[in-house]
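Structural characterization, general
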Amino acid sequence: MIQVSGLHKSYNQTPVLQDIQFSVSKGEFFGIIGPNGSGKSTLCKLISGVVGMDQGEIRLDGKLLTRYSRKELARMLAVLEQEALPPVGFLVREVLEMGRFPYQNWLGEEALDPTPLIDEIIHMLNLSELEQRSLDHLSGGEKQRVALGKALVQKPMVLLLDEPTTYLDIGYQIQLMDIVRSWQKTTQVTVVAVLHDLNLASLYCDRILMLHKGRQVSVGSPEEILRSSLIEDVYGTRPIVLEHPVHHLPQIMLQAGG
Ligand SMILES: Nc1ncnc2c1ncn2[C@@H]1O[C@H](COP(=O)(O)OP(=O)(O)OP(=O)(O)O)[C@@H](O)[C@H]1O
């Protein structure tokens, strides 16, 4: 579904991403991890077409990203980022309705009534009590659920999540990741998620790409990537890696220094 090859990106002559090469299959849950400043968000912006690359190519469903029109790309790919929410004055339901713009004509109408889909997503994300509230008065976590709702109503083939669990407490972190995963199972959407929390990445991702200083360190299963020595090389701290007693996936425990 996504093929990235030979990707390079510099800002002001400083390389931010170099030699990035990977592919993501349809329906896969693909994680991107790495320390602060390693280039995760830049990679997301390149995949979503917000920022142009210097070298290399990105293909979505076999077609070069640069060949998609804005509306075609919005039907193909949705991005969850809170900053993309409209600034002030909109109700939650209105914000979700905005997610349908790729399917609307110039009058803002679409062939099929999107109300059942929007209702389903409002229900799934527990937004029923908030749907007539203004976005301005929501908490960070509530806004994050609205941002996810706006991305899901786009019914994309690829869902790009840039730090989706920021602002969320542990209950909502798991709830959001579970919702994304069950949505993925029913729609076969391909998910690419930048995650800071390595334990969440392990629990939800089929494969993980690890970045370090703009370079790709490795791509592999959680077991291949979340190894104590590799994490120490990249993050500069050596965690204890244990197997989750229920899910049998690696989980890390941090060790305090001194
Ligand atoms: N628009 C920009 N102009 C100049 N430099 C930039 C720009 N955007 C990002 N950078 C630089 O590119 C590097 C990678 O940034 P990026 O935001 O992609 O990293 P990240 O891995 O997402 O970091 P974090 O985990 O801290 O969010 C950083 O050194 C950052 O300062």
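These notes cover the structure that comes with them. (Residues numbered from 1 in each chain as written. Predicted model: local features only at pLDDT ≥ 70, side-chain atom pairs only at ≥ 80, totals over all residues. Heavy atoms only, no water.)

**Some points on the layout of surface pockets**
Leftover empty space is mapped by rolling, across the atoms, a probe with the size of a water molecule. Taken as a whole, the largest pocket holds about 520 Å³ of empty space. Together, 24 residues line the largest pocket, and S48, A74, L77, V79 and Q154 are the ones closest to its centre. Those elements that place two or more of their residues in the lining of the largest pocket are α2 (70–76), β6 (77–80) and α5 (140–153). Top contributing element to the lining of the largest pocket by residue count: β6, with 4 residues. Here the lining of the largest pocket is composed, by residue class, of 15 nonpolar, 6 polar and 3 charged. (1 Å grid on protein atoms, 1.4 Å probe; cavity = no way out; pocket = protein on both sides within 12 Å on 5 of 7 lines; lining within 4 Å. Points joined across faces, edges and corners; volume = space filled by probe spheres on them. Helix = DSSP H or I, 4+ residues; strand = E, 2+ residues; numbered from the N terminus. Nonpolar A, V, L, I, M, F, W, Y, C, P; charged D, E, K, R; others polar.)

**Quick notes on the packing of aromatic side chains**
For the coordinates displayed, the defined rule picks out 2 aromatic pairs. Between F29 and Y204 the ring centres are 6.5 Å apart and the planes differ by 40°, which places this aromatic pair in the tilted class. Taken together, the residues F29 in strand β3 (residues 29–33) and Y204 in helix α7 (residues 198–204) connect sequence positions 175 residues apart. (Phe/Tyr/Trp six-rings, centres within 6.5 Å; stacked < 30°, edge-to-face > 60°.)

**Overview of the site of the ligand**
Around the ligand lies a shell formed by Y11, V16, P35, N36, G37, S38, G39, K40, S41, T42, E163 and H196. G37 places a polar main-chain atom, nitrogen or oxygen, 2.8 Å from an oxygen atom of the ligand. Here an oxygen atom of the ligand sits 3.0 Å away from a polar atom, N or O, in the main chain of G39. Bound to the protein, the ligand loses 57% of the 640 Å² it would expose on its own. Broken down by element, the residue count for the shell around the ligand peaks at 3 residues, all from helix α1 (residues 40–47). Of the residues that constitute the shell around the ligand, the class distribution is 3 nonpolar, 7 polar and 2 charged. (Near = heavy atom within 4 Å. Polar contact = N/O pair within 3.5 Å; in protein donor to acceptor, adjacent residues only side chain to side chain. Areas by Shrake-Rupley, 256 points an atom, 1.4 Å probe, with all protein chains shown as cover.)

Note that all results are geometric; they support no functional claim without further evidence.
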